[in-house]
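Take a look at the letters that make up each chain.
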Amino acid sequence: MIARVSRVRRDLQGLRAIAVLAVVGTHLTGWPRGGFVGVDVFFVLSGFLVTGILLSELRVAGTIRLSTFFVRRLKRLLPAALLVMAVVVTAGFALFSAVRAERTVGDALAAVGLVSNWRFGLEGRDYFATGDVSPLQHFWSLSVEEQFSVAWPVMVLGAAMLLPRTIRRGRGGRVTVAVLALAVTALSGAAAVLLTPVDASMAYFSTTTRVGELAVGAMLAASRGPLRRLHPAVGGAMAWVGLGVVVAAFFVVDPAESFPAPWAALPVAGAALVIAGGVAGDPRHRHLFPLSNPVAVAVGDVSYSLYLWHLPVIVFAGVVLPPGPAALAITALGIAVLTVATYLGVEQPLHRLPWPLTTRQDGRPVAVPPAPSTPADSPAGAVPARASAFASRPPGWVPGQRYYPGSRPTVPVTAGRASAAAGPASAAAGRAYAPAGRASATTGHAPAAASPTLAAPATVPDTRRPGAAPAHPSAETPAPDASAPAITAASPAAPATPTATATEDWATWRERFAPRAAMGLTSLVIGAGATVLAVLLAYGAPALPGMPTAAPASTEAAVDADDALATLQGQIAAATTADAWPTLHPSLDQALRDSSSANPAHDCFTPERTPDADSCSWGDPGAAHHLYLVGDSSAMAYAPAFARLAAESGGAWRVTTVGMYGCRFTDVLIESRDPAVTAGCDARKRDVSALVSAAPADLVVVSNAFTLARSVDGRDLGAGDLASATARLVSAWAPPGRIVYLAPPPHGADLGRCFSPVTGPSACLSAVDDVWTQMQTAAEAQAATTGDAAISALPFTCWQGICPAFAGDTPVRYDDTHVTPAFAERLTPILRAALADRGLY
């Protein structure tokens, strides 16, 4: 056996490690606040490594075998990803509400179809999309990467085929790819700059705005030649600076700021410096110890499995565990257990699976090599690296061989002499699964940021001169492990004679990975036991929620307002101490599924259509009094109450409900996450003003969201600012003293997140938030200034500062703030009395 020197880019493994740990830390603890930019680091890594693979094959064969590339990639990515998706979907039906479980199935199908990013980007625009995080939301970055990995090889191959074979195998091919990557980077960057200010959600998830980050890595791969000529000291300095920039990005980038443009440039530039600086010199990069130390490398090895599991565990733990330090530790333990078990038992064995089989020239089957190689990042290119004089192991050492200080293991030289005599073909030939050290550099995968990439075709011979021996024995693999095999291939000029059969490949694979799979299963069993023990120690034996109970009858038919309010308050008080969900009408699942669609005034608040007085009014058209309910979705949620008020007025009142969800009725245009809402908000206010002018109002009730806001020109607006801006807009729409500021309910627990078959109602209790209190105080002060009225929602939604999810047999909300139509109708006698008490009805 010929002694080998590892060509692993340990710094890239370490870079992958800090990127995935930053992402996990942000999702688990909120620290570092900008850790989500680890995604961008992985995009650059993946672009670099995937493109290096493609250029390697192009240099060897003059073409790119797309089918081989895609098969290897599927073997690398699919098994672990499918396992995670299957577990998440199954657990979703056990732990989530029916609506959320069904939505998780849709998320899984989008992930399989590689369109997760588009799904989540569009959902981010939806004003009524639930705020709960999908346990598969992190698959968006894998979708971006895989869309790149499908399109980029085709683009590279198409561009290369325009060149003569001899040119595309050399410098001409690399230059062509570099120019193509530069064009993609420029176009993608321009798209990010244009889209981020107008559609932040789509800009964040869009392939169009993100593909440029992968193209930056592609440019680095195409520039390996010049980068190899860097002095190691210069390269080392670049790497240190790049590491500092990446770490700084974790703390400097604010999630509230525009992203990806311009802040994504920070982690992308840092990752590019680390990658470029490490091309020259010793691939072990011992000087860059924060990245090349054994712990960082080990975390980098398991980073794909770690990325796949971290968010599902965090989301499910949030459903079943009360928040606190114990929950944090248990969640981290669960992530670690599943990561190690999946890496050992699924990811690595199936990635190295000796299938599918190809056929050698003599007709004998051989496994497609799972870990092809790419050009080494050594300055000398074809010159094999020498073991350092200060290495801890003597020259000739091979894994598993004992040695002692001063000893020199016996290294057979016959093979080396024979290969030298026989030529490069013989030197390169060998078993596909011959034991060797860690495979060389790693292909990128994108935990949060980039999925693993497949390696290039087998070891690359130096084609700069005919018949040259392979440049080096290294291989770039997606996630190399300590005993990853070295894949070798003969020079194209002299095909190797097969030495292994398919049966031997399978036998070698079983011998190598069966112990690892057993270790994975063992770690899963032991880790699961440790997790259960930790839960028992922290919380004691779990108490399952009780069976559904019959709820007191609602007060829909109540006529006396005092009785209606007293009864409702009693039911709210009882709900704050309930230990089991009652039978609700509609059920919580139905309320979640209906969302705002069950509201009769829904179409009067959408940006897609202009409301008209006839379709958005209730009561007798000839009524003596006309009430307008205006505002954003908070007003829409109250619409059923006022529609019923008109119906029960005996023909005295006509009610018109108009507005736009996400559009605060203020004289200042406020940012909305839906670009269509921002674009149409001012026009909708003018439409409402025209309706009021055509049919004057006797009373205007306005209800806006009780959250702080920012104007489209970048000004932060406090509670007082918003109250004043509302008054300035609506003051001309009603006679003096005839404006009512109706507060929305305090923000409650999001039912999509807190409601679960395994938890009780207490999981959905919430307290009155400080911002709501500030907004209500400002509204009351504004009303007192102008002689108008303000109505608080506390008496009919909360009890002693605690707000439950239901009252009697009626769900209060269908999300975190909007009341259900059924509950709104129960408020009719209460609101009618509140108006009458103020002399307004």
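Residues numbered from 1 in each chain as written. Predicted model: local features only at pLDDT ≥ 70, side-chain atom pairs only at ≥ 80, totals over all residues. Heavy atoms only, no water.

What about the overall build of the protein?
Counting secondary structure elements, the protein contains 30 helices and 14 strands. Split into buried and exposed, the 841 residues of the protein put 54% on the buried side. Excluding contacts between residues fewer than 6 apart, the proportion of contacts in the protein whose partners are at least 24 apart in sequence is 82%. If you sum the accessible surface of the protein, you get close to 33000 Å²; carbon and sulfur atoms cover 65% of it. (Helix = DSSP H or I, 4+ residues; strand = E, 2+ residues; numbered from the N terminus. Buried < 20%, exposed > 50% of the residue type's maximum accessible area, 1.4 Å probe, protein only. Contact = heavy atoms within 4.5 Å. Areas by Shrake-Rupley, 256 points an atom, 1.4 Å probe, with all protein chains shown as cover.)

Observations regarding the sheet that holds strand β5 (residues 653–659)
Strand order in the open sheet formed by six strands is β3-β5-β4-β6-β9-β11, with mixed pairing between adjacent strands. Both edges of this open sheet fall to β3 (617–619) and β11 (789–791), since each of them pairs with a single strand only. Across the sheet, the mean angle separating the axes of adjacent strands is 20° when strand polarity is ignored. Across three bridges, the pairing between β3 and β5 is antiparallel. Within the sheet, the bridge partner assigned to S617 lies in β5 and is T656. Against the sheet, helix α23 (residues 633–647) contacts β3, β4 (625–631), β5, β6 (699–703) and β9 (739–742), and its axis sits at roughly 165° relative to β4. (Pairing = 2+ DSSP bridges. Axes fitted to C-alpha atoms, helices over the stretch in contact; angles between N-to-C directions.)

Regarding the packing of aromatic side chains
Summed over the entire model, instances satisfying the criterion amount to 20 aromatic pairs. A ring pair is formed by F43 and W140, whose centres lie 6.0 Å apart and whose planes are at 85°; its orientation type is edge-to-face. Within this pair, whereas F43 is found in helix α2 (residues 38–61), its partner W140 is found in helix α6 (residues 139–160), the two being separated by 97 residues in sequence. A relative accessible area of 0% places F43 in the buried class. When the centroid spacing of 5.2 Å and the interplanar angle of 45° are considered together, the rings of W140 and Y204 count as tilted. Of the two residues, W140 sits in helix α6 while Y204 sits in helix α9 (residues 200–205), which places them 64 residues apart along the sequence. In this pair, the class of W140 matches that of Y204, namely buried. Among the aromatic side chains, those forming a connected cluster through ring pairs are F36, F43, F120, W140, Y204, F205 and F259. In this arrangement the basic side chain of R210 is found over the ring face of Y204, its NZ or CZ atom lying 4.6 Å from the centre. (Phe/Tyr/Trp six-rings, centres within 6.5 Å; stacked < 30°, edge-to-face > 60°. Lys NZ or Arg CZ within 6 Å of the ring centre and 35° of its normal.)

Concerning the pairing of β9
Across the two faces of β9 the burial is the same, with I739 and Y741 and V740 and L742 all buried. Bridging between β6 and β9 involves three bridges; their strand directions are parallel. For V701, the partnering residue across the bridge sits in β9 and is V740. Relative to β11, β9 is paired through three bridges, and the arrangement is parallel. Residue pairing for β11: L742 is matched across the bridge by I791.

Concerning a nonpolar patch on the surface
A cluster of nonpolar residues, W31, V247, F251, V252 and W263, forms a patch on the protein surface that exposes about 480 Å² of accessible area. Along the chain, the position of V247 falls in helix α12 (residues 232–252). (Patch = residues over 30% accessible without salt bridge, like charges linked within 9 Å, V, L, I, M, F, W, Y side chains within 5 Å. Salt bridge = Lys/Arg side-chain N within 4 Å of Asp/Glu carboxyl O.)

Concerning unusual backbone geometry
Cis geometry marks the peptide bond from F259 to P260; its omega dihedral reads 15°. Following A261, the chain continues into P262 via a peptide bond in cis, with omega recorded as 5°. Within the secondary structure, P262 is located in the loop between α12 and α13 (265–277). The backbone of L114 sits at a positive phi, close to 65°, despite the residue not being glycine.

Re the environment of A203
Checked against the element boundaries, A203 lands in helix α9. Taking relative accessible area as the criterion, A203 reaches 0% and is therefore assigned buried. Along the chain, A203 and A261 lie 58 residues apart, while their C-alpha atoms are 8.5 Å from each other. In contact with A203, not counting residues within four places along its chain, are L195, T196, T209, R210, F259 and P260.

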